[in-house]
Amino acid sequence: MDNASEYYGGAGHYDRETVRFFDVAHEGAQLRAVGGAAPRLARLRGMQPRSLVVVGTDQTALAAARASVALQGPLELPVVVAGALPAYVGPLDVVLFAGDAGSREEDLRGLLTAAARGAETVLAGPARGLLLDDAPAAATVIPALPTAAGPSPARTMAAVGAVLAALTHDAAVIAEQCDLLADAVDEELASLSPERDAGVNPARQLREFAEGARVLHSGAGPTGAAVAELAAHLWSARGIPSGYVHPEELALALEDAGGTAPAGQDLFHDPFLDGPLQLVPLKTVLWAQRDTAAPNTRAEAVDAAASAGEAVEALRLVTRAFAATAFHGGFDGGFDGAAE
């Protein structure tokens with residue numbers, strides 16, 4: 001096993017949770033990096049584009065971009081989030097390529113095509129790779145952190161917000177907002193450190209709540225719904241079975257699910273010899289809500305969120321959801337709860 005494999009697998013002297021928390025720990029710095037790049041977006045000031053097109057180069061970026069757009073409303077222009085460059089894009093549009101995948105040729109072709117058609121192009125890609133190396137000279141690049149290697153939902157969310165804000169605000173305003181958000185996320189990260197146990201770590205509490213269960217994410221209002229949808233993706237991408245349900249459909253979803261379901265359909269299972277099938281509980285996480293009386297339900301909120309603003313609350317909760325994926329769900333084993 002090489003050193004990289006040992007590191008990311010948590011082998012040897014590397015602590016697996018600390019390794020998985022590495023990219024999460026950079027979320028505040030990611031926001032500051034976007035703010036530091038705000039002067040590069042000054043050329044967008046005063047433009048009245050037909051649309052903003054956000055092309056996500058990976059699934060996390062797509063989910064984070066959708067969440068950011070949902071939190072920006074009401075919007076003054078159409079915003080399209082897509083996995084590939086739409087055919088209509090031309091000189092009347094602004095195109096943002098965002099994400100942490102840097103080697104897909106289709107993304108590079110899309111970026112080159114957008115620039116060739118005269119669209120204003122912005123790249124918030126990874127620190128290295130084909131997309132950055134061969135980006136057109138006309139593209140405005142929001143530099144990535146050189147040390148972070150994994151996904152950053154905060155960076156994509158901030159990049160979308162910064163491009164929208166750059167149409168009507170100067171760089172100082174954007175940088176100030178990014179710094180404010182970064183301070184809030186850093187405060188959240190301090191409470192989520194792998195060194196803090198479940199008694200004082202809300203992300204670890206959240207992960208333990210979800211252990212051994214199917215999880216539905218939901219939440220009231222635009223903030224709760226946006227965070228819940230992104231959290232469901234982040235968890236599923238890290239192997240925690242999750243789904244998103246709009247709050248208006250949650251009651252019906254829980255009723256239809258009946259709270260539990262068979263863990264699997266084994267054709268060779270004999271209930272007389274093997275005993276009854278284990279049932280997997282269904283649990284619900286309600287984002288941007290302060291309390292719940294429902295069984296198998298956990299509410300997640302941020303203290304003093306009412307005075308901090310929706311953007312602060314959303315990014316702190318997204319960071320908490322992201323951090324939960326770094327921890328194992330049990331009390332005595334590795335990341336996946338298996339015996340070492």
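Turning our eyes to something else, we now look at the sheet that holds strand β4 (residues 120-124). Strand order in the open sheet formed by 5 strands is β2-β1-β3-β4-β5, with parallel pairing between adjacent strands. Only two strands of the sheet have a single partner each, and these edge strands are β2 (79-82) and β5 (140-141). As defined by bridge partners, β4 adjoins β5 across 2 bridges and the pair is classed as parallel. Residue V122 lies in a different strand from β5, and its bridge partner there is T140. Strands in contact with helix α4 (residues 59-72) are β1 (51-56), β2 and β3 (93-98); relative to β2, the strand with the most contacts, it is inclined by about 160°.

With that out of the way, let us pick up the nonpolar core. F21, L31, L52, L96, L230, W235 and W287 are the most contacted members of the largest nonpolar core, which totals 68 residues. Not counting residues up to four positions away in its chain, the partners in contact with L52 are L77, P78, V79, V80, V94, L96, V163 and L164. The next biggest cluster of nonpolar side chains, apart from the first, holds 11 residues, and it includes V89, F97, L108 and L111.

With that settled, the discussion passes to the environment of V55. As for its position among the elements, V55 is in strand β1. Take V55: its relative accessible area is 0%, and that puts it in the buried class. Once the C-alpha coordinates of V55 and L123 are considered, the two residues, 68 residues apart in sequence, prove to be 9.7 Å apart. Ignoring anything within four residues of it in the chain, the contact list for V55 reads A82, G83, A84, L85, V95, L96, F97 and A98.

Another point: the packing of aromatic side chains. Counting across every chain of the model gives 1 aromatic pair. Between the aromatic rings of F21 and F327, the centroid separation amounts to 6.1 Å while the plane-to-plane angle is 20°, which identifies the pairing as stacked. Residue F21 is found in helix α2 (residues 16-21), and its partner F327 is found in the segment after α14 (310-324); the two are separated by 306 residues along the sequence. Relative accessible area serves as the criterion here: at 7%, F21 is assigned to the buried category. Assessed through its relative accessible area of 0%, F327 is described here as buried. Just above the ring of F327 sits the side chain of R204; from NZ or CZ to the centre is 4.2 Å.

Now for helix α8 (residues 171-192). Taking 1.5 Å per residue as the helical rise, α8 with its 22 residues ought to reach 32 Å, and the 31 Å between its terminal C-alpha atoms agrees with that figure. For α8, the full list of buried residues reads I174, C178, L181, A182, A184, V185, E188, L189, S191 and L192. If you follow the buried residues of α8, they end up packed against α2, α3 (27-36), α7 (153-166), α9 (202-210) and α14.

Thresholds, definitions, all that
- Residues numbered from 1 in each chain as written.
- Predicted model: local features only at pLDDT ≥ 70, side-chain atom pairs only at ≥ 80, totals over all residues.
- Heavy atoms only, no water.
- Pairing = 2+ DSSP bridges.
- Helix = DSSP H or I, 4+ residues; strand = E, 2+ residues; numbered from the N terminus.
- Contact = heavy atoms within 4.5 Å.
- Axes fitted to C-alpha atoms, helices over the stretch in contact; angles between N-to-C directions.
- Core = buried A, V, L, I, M, F, W, Y, C linked by side-chain atoms within 4.5 Å.
- Buried < 20%, exposed > 50% of the residue type's maximum accessible area, 1.4 Å probe, protein only.
- Phe/Tyr/Trp six-rings, centres within 6.5 Å; stacked < 30°, edge-to-face > 60°.
- Lys NZ or Arg CZ within 6 Å of the ring centre and 35° of its normal.
- Expected span 1.5 Å × (residues − 1).

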